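# Understanding the architecture of this molecule
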Amino acid sequence: MNHEPLTVPTVAEMAAEGKKPEILFWVGCAGSFDERAQKITRDICKILNHVGIGFAVLGTEESCTGDPAKRAGNEFLFQMQAMANIQVLDAYEIKKIVTGCPHCFNTIKNEYPGLGGNYEVIHHSQLIQQLIDEGKLKAEGGESFKGKKITYHDPCYLGRGNNVYEAPRAALEVLDAELVEMKRCKSNGLCCGAGGAQMFKEPEKGKKDINIERMTDVLESKASVVAAACPFCMTMLSDGVKNENKEQEIQVLDIAEITVRANGL
Amino acid sequence: MIAQILFIIILAAAIYLFSKNAGKIRRNILLGKDTDRSDNPALRWKTMAKIALGQTKMVKRPLAAVMHFFIYAGFIIINLEVLEIMIDGVFGSHRIFSKPLGSLYDLLIGGFEFLALLVLVACITFLSRRNIARLKRFSGVEMTEWPRSDANYILIIEILLMTAFLTMNAADHKLQLLNFGHYIKAGSFPVSSFIAPMLPDGASSLEMIERGCWWFHIVGILAFLNYLPYSKHFHILLAFPNTYYSNLHPKGQLTNMASVTNEVKAMLDPSFVPETAGEPGRFGAKDVTDLTWKNLMEAYTCTECGRCTSVCPANITGKLLSPRKIMMDTRDRITEVGNNIDKHGKDFKDDKSLLDNYITREELWACTTCNACTDACPVNINPLEIIIEMRRYVVMEESQAPASLNNMFSNVENNGAPWKYSSADRLNWKENI
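Counting restarts for each chain, with residues numbered from 1 along the sequence as it is written. Lettering of chains starts at A and numbering of ligands starts at 1, both following the order in which they are written. The predicted origin of the model limits local features to residues at a pLDDT of at least 70 and limits the giving and counting of side-chain atom pairs to 80 or more, whereas totals for whole chains, interfaces and linings rest on all residues. The basis for the side-chain values is all heavy atoms of the structure; hydrogens and waters are excluded.

Per an unreviewed UniProt entry, chain B is named Heterodisulfide reductase subunit C, and its organism is Mucilaginibacter gotjawali.

Looking up chain A in an unreviewed UniProt entry gives the name Fe-S oxidoreductase, with the organism given as Mucilaginibacter gotjawali.

Here it is in structure tokens:
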């Protein structure tokens, strides 16, 4: 596997050279700070570098989209965040955004326009699908997923929230793997338990945690790889796998990670 | 003649009573705040046609979908027959459509009979699911005595009405064969002819049975009509407007509160003057009148089928939240507010509210905003919107968010991230390549 050095310019750096990125990569808080999600962030950069898309990140100028604040009921904080972010994005004349987080995706795509922020926003799984369709990504030259059982967990904010069901599946279909659907999938999918600001608090008391409930579907599918497309789902599913002591048998991998591995990037 | 006058009086009384009670529900719904759902009428008609008329969201549960379709089609189509009964009742005629329609009439009556049979099958299936198989979906804390009886009453009434209809036809058929009185030969009776042998042969007793069933059937329908405003069965009417006024935005999108936008803009730019003076209302919803008329319409549309609750991840894992309960609580509270207005005048305020008296905070905080409930609802009800509005009240008016969420808020405010990391470290991930 060849490891090219990764080029990740910031928008500010590009602006200093009088350039604008083709697409802004909105990393998101999880992608920036969560150790597991950081790996996914780097993999998304690898894909962008590999296909030669001129992208940039905001770096220290990026801030939380306000999603958890809004869903927890703090509309003030949400709109403060949103307006500040829109100012930054507009100052750099950003038109197109890709993000690895369905929560950032949903918020910027659906809630920012009402506050004056209009951008074309795509989730990284949609970008990957597009690159596969264009023949720029092939699932060749890397790790073989041949015969492996892979299942995909639909993030609520990508699936039910925005009807993106096919793109992440398309990224898996190019692999020579055995794709299986969980009992609860697509519009019938089960939440990982982290949305709506649940990520930042203890769950209310009940019989069990939601990610543990989700593990029954994962185990039933007999998949050895669970594909995720959201950093929150990644945390919840990984914790679920740990809780079952199945780390040796079941890997939780983001669509971007699987793509990077399959292409040997 | 006496029969005709009696019929007209009953009919008029039934219509008057129904419009009065339906009017009250309309008034209650309009106690909600305004929201604009007048955009994109073409898509709205299409949504209604697909979801209410076409029942497309029912198919997720095939058995329920087929059975429900029998009852639904039976209800819609048998109305033609009810129209004939009304005309006959007012003018003292008998099977007035039979002459002008001729052989088509035979076909129609035959069709109605099959539908009536299917409705019977469906109602019996539904009753057994609720009372013998005891489907989990029909239980839960909110499914107290009344909601369970309400469901059973509806099914039993439908069974009685269909039985009366078929018995009436059987007796009519027998009288037709006897060439008795005004019982002209009309209609084909593919189902009720199986009941006919069980009926007596004497013309006068047959006539009594026929008239008895006729009256029972039509008075029953009028009584049922007047039961609707007190029952979850009101969904047969509200499903249509409710789907017409559906949320057309992506499910993940929450409303941006305009009143907050004005304040935030004023904070960022002191020279900013909002276009419209903001109404002094509260942020979010403490009581039902803080919700929109659409939220309230949804509460009256809910038929308590429990599809929302059965897919709710919080409910599945044993938490207190049940989206169905959110809708039922909202309806119970708005009904209470409406009754207060009727009794004590429109400015009367009791010391109750939707929050705490009906819906607890524990329920509100258990929601993951995953939209499983809104997706599952066969008539596009959105319990999530009510939950978010109530969270907004708790957070923005009361500052009573759970401590861990307050920490998250201050992290977002101070560091631009929900975790306690410095924004200066946002690019650290780059270094580990």
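Glancing now at the nonpolar core. Nonpolar core, defined: a set of buried Ala, Val, Leu, Ile, Met, Phe, Trp, Tyr and Cys residues in which side-chain atoms within 4.5 Å join the residues together. In this scheme, a residue with accessible area under 20% of its type's maximum is buried, one over 50% is exposed, and one in between is partly exposed, where area comes from a 1.4 Å probe on protein chains only. The biggest cluster of nonpolar side chains holds 147 residues, and the ones touching the most others in it are Phe25(A) and Ile97(A). Numbering of helices and strands runs from the N terminus, with a helix taken as a DSSP run of H or I at least four residues long and a strand as a DSSP run of E at least two residues long. For this core, the element with the most residues is helix H17 (residues 383–397) of chain B, which contributes 9 residues. In this analysis, two residues are considered to be in contact whenever any of their non-hydrogen atoms come within 4.5 Å of each other. Leaving out residues up to four positions away in the same chain, Ile97(A) has contacts with Ile23(A), Leu24(A), Trp26(A), Leu89(A), Ile108(A), Tyr119(A), Glu120(A), Val121(A) and Ile122(A). Counting 44 residues, the second largest nonpolar core, distinct from the first, contains Leu11(B), Phe112(B), Ile159(B) and Leu161(B).

It is common to give the size of an interface as the accessible area lost on bringing the parts into contact. All names here are of chain A. Along its sequence, chain A is organised into domain 1 (11–128) and domain 2 (139–263). The C-alpha-based centres of domain 1 and domain 2 are spaced at 23 Å. Listed per partner, the contact involves 26 residues of domain 1 and 26 residues of domain 2. Carbon and sulfur atoms supply 71% of the area buried between domain 1 and domain 2, which totals about 2,100 Å² over both sides. Residue ranges labeled as domains rest on an automatic or database domain assignment. Values labelled buried area give the accessible surface lost by two parts on being combined, using a 1.4 Å probe and summing over both.

Next up on the list: the sheet that holds strand E4 (residues 120–123) of chain A. Residues and elements named next belong to chain A. The strand order E2-E1-E3-E4 describes an open sheet built from 4 strands, whose pairing is parallel. Of all strands in the sheet, those bounded by a partner on one side alone are strand E2 (55–56) and E4. Only strands joined by at least two bridges in the DSSP assignment are considered to pair. As paired strands, strand E3 (residues 96–99) and E4 are joined by 4 bridges and run parallel to one another. Its bridge partner being in E4, isoleucine 97 is matched across the sheet by valine 121. Running over the sheet, helix H6 (residues 102–111) touches strand E1 (23–26), E3 and E4 and is turned about 160° from E4. The convention used is that axes are lines fitted to C-alpha atoms, helices contributing only their stretch in contact, and that angles between N-to-C directions extend from 0 to 180 degrees.

Stacked, tilted and edge-to-face pairs are distinguished by plane angle, under 30 degrees for stacked and over 60 for edge-to-face with tilted covering the rest, among Phe, Tyr and Trp rings (Trp via its six-membered ring) whose centres lie within 6.5 Å. Evaluated as defined, the whole model comprises 17 aromatic pairs over all chains. Between Phe78(A) and Tyr112(A) the ring centres are 6.4 Å apart and the planes differ by 50°, which places this aromatic pair in the tilted class. Highlighted residues: Phe78(A) in helix H5 (residues 75–91) and Tyr112(A) in the loop between H6 and E4, separated in sequence by 34 residues. Taking the centre distance of 6.1 Å and the plane angle of 65° together, the rings of Phe7(B) and Trp215(B) count as edge-to-face. Here Trp215(B) lies in helix H7 (residues 203–227) and Phe7(B) lies in helix H1 (residues 2–29), a separation of 208 residues in the sequence. With relative accessibility at 1%, the residue Phe7(B) sits in the buried group. Here the aromatic cluster, defined as three or more aromatic residues joined through ring pairs, consists of Trp45(B), Tyr244(B), Tyr245(B) and Trp293(B).

With 69 residues of chain A at the contact, the number on the chain B side is 60 residues. Both faces combined, the contact of chain A with chain B buries some 5,500 Å², and carbon together with sulfur accounts for 66% of it. Area buried by chain A at its contact with chain B is led by Phe33(A), Phe76(A) and Phe200(A), which between them contribute 14% of it. We count a salt bridge whenever a side-chain nitrogen from Lys or Arg sits within 4 Å of a carboxyl oxygen from Asp or Glu. A salt bridge links Glu62(A) to Arg426(B), with the nearest nitrogen and oxygen atoms 3.1 Å apart. Identification of polar contacts relies on pairs of N or O atoms within 3.5 Å, with a donor-acceptor requirement for protein atoms, meaning one able to donate a hydrogen and the other able to accept it, and with residues adjacent in sequence counted only if both atoms are side-chain atoms. Where chain A meets chain B, there are 31 residue pairs in polar contact (both at pLDDT 80 or more). Mapped by element, the contributors of at least two residues to the side of chain A that touches chain B are helix H2 (28–33), helix H3 (35–51), helix H4 (67–71), H5, H6 and helix H9 (210–221) of chain A. Residue type decides the class: Asp, Glu, Lys and Arg count as charged, Ala, Val, Leu, Ile, Met, Phe, Trp, Tyr, Cys and Pro as nonpolar, and the leftover types, Gly among them, as polar. Grouping the constituent residues of the side of chain A that touches chain B by class yields 28 nonpolar, 25 polar and 16 charged.

All right, on to the sheet that holds strand E5 (residues 149–152) of chain A then. Residue and element names in this part refer to chain A. With parallel pairing, 4 strands are arranged side by side in an open sheet as E6-E5-E7-E8. Edge positions in the sheet fall to strand E6 (178–180) and strand E8 (251–254), since each has one partner strand and no second. Each adjacent strand pair in this sheet contributes to an overall mean axis angle of 30°, direction not counted. As judged from the 3 bridges shared by E5 and strand E7 (residues 225–228), these two strands associate in the parallel manner. Counterpart to isoleucine 150 in the pairing with E7 is valine 225. Packing of helix H8 (residues 166–173) onto the sheet brings it into contact with E5, E6 and E7, and relative to E5 it is tilted by some 170°. Contacts from helix H11 (residues 255–263) reach E5, E7 and E8, with the element oriented near 90° to E8.

Residue and element names in this part refer to chain B. Looking at the assigned domains, one finds that chain B contains domain 1 (1–30 + 61–244) and domain 2 (281–418). Put simply, the middle of domain 1 and the middle of domain 2, counted by C-alpha atoms, are 37 Å apart. Contact with domain 1, which involves 22 residues of that partner, is made by 28 residues of domain 2. Where domain 1 abuts domain 2, roughly 2,300 Å² becomes buried across the two surfaces, and 54% of that area is made up of carbon and sulfur atoms. When the buried area of domain 1 at its contact with domain 2 is split by residue, Ile29, Glu142 and Asn242 rank highest and sum to 29% of it.

As a further point, take the pairing of E1(A). All names here are of chain A. Covered by surrounding structure in E1 are Ile23 and Phe25 together with Leu24 and Trp26, the residues of both alternating faces. In terms of strand pairing, E1 meets E2 through 2 bridges, oriented parallel. For leucine 24, the partnering residue across the bridge sits in E2 and is alanine 56. Inspection of the sheet shows E1 paired to E3 by 3 bridges, in the parallel sense. Bridge assignment links phenylalanine 25 to a residue of E3, and that residue is valine 98.

A separate point is the packing of helix H3 (residues 62–91) of chain B against helix H6 (residues 145–177) of chain B. Packed helix pairs are characterised by how far apart their axes lie and by the angle those axes make with each other. Residue and element names in this part refer to chain B. Following both chains from N to C, one finds H3 and H6 inclined at 50°, their axes separated by 13 Å at the closest point. When the interaxial angle is binned, H3 and H6 end up oblique. Once H3 is placed against H6, the crossing between them reads as left-handed. On the side of H3, the interface is formed by Ile71, Ile78, Glu81 and Ile85, while H6 contributes Glu158, Met162, Phe165 and Met168. Residue composition of the contact of H3 with H6, grouped by class: 6 nonpolar, no polar and 2 charged. Small angles under 35 degrees read as roughly parallel and large ones over 145 as roughly antiparallel, with 65 to 115 read as roughly perpendicular and the rest as oblique. Left-handed describes a crossing whose near helix is turned anticlockwise from the far helix through less than a right angle; right-handed describes the clockwise counterpart.

Quick look at the confidence of the model for chain B now. Note that predicted coordinates carrying low pLDDT should not be read in detail. How sure the predictor is of each residue is captured by pLDDT, a score from 0 to 100. In this model, chain B carries an average pLDDT of 94, and 98% of its residues clear a pLDDT of 70 or more. With a pTM of 0.95, the predicted complex shows an ipTM of 0.96.

The topology assignment puts Val8(A) in the segment before helix H1 (11–16). Relative accessible area serves as the criterion here: at 4%, Val8(A) is assigned to the buried category. Taking the C-alpha atoms as reference points, Val8(A) and Ala56(A), 48 residues apart in sequence, are found 6.3 Å from one another. Ignoring sequence-local partners within four residues, the contact set of Val8(A) consists of Glu13(A), Cys45(A), Phe55(A), Val57(A), Trp429(B) and Lys430(B).

Residues and elements named next belong to chain B. One can describe the packing of H1 onto H7 by two numbers: an axis separation of 8 Å at closest approach and a directional angle of 15°. Compared by their axis directions, H1 and H7 come out roughly parallel. Crossing of H1 against H7: the hand is left-handed. The residues of H7 that touch H1, namely those facing Ala3, Leu6, Phe7, Ile10, Leu11, Ala14, Leu17 and Phe18, are Trp214, Trp215, Ile218, Val219, Leu222, Leu225 and Asn226. Here the contact of H1 with H7 is built from residues that sort into 14 nonpolar, 1 polar and no charged.

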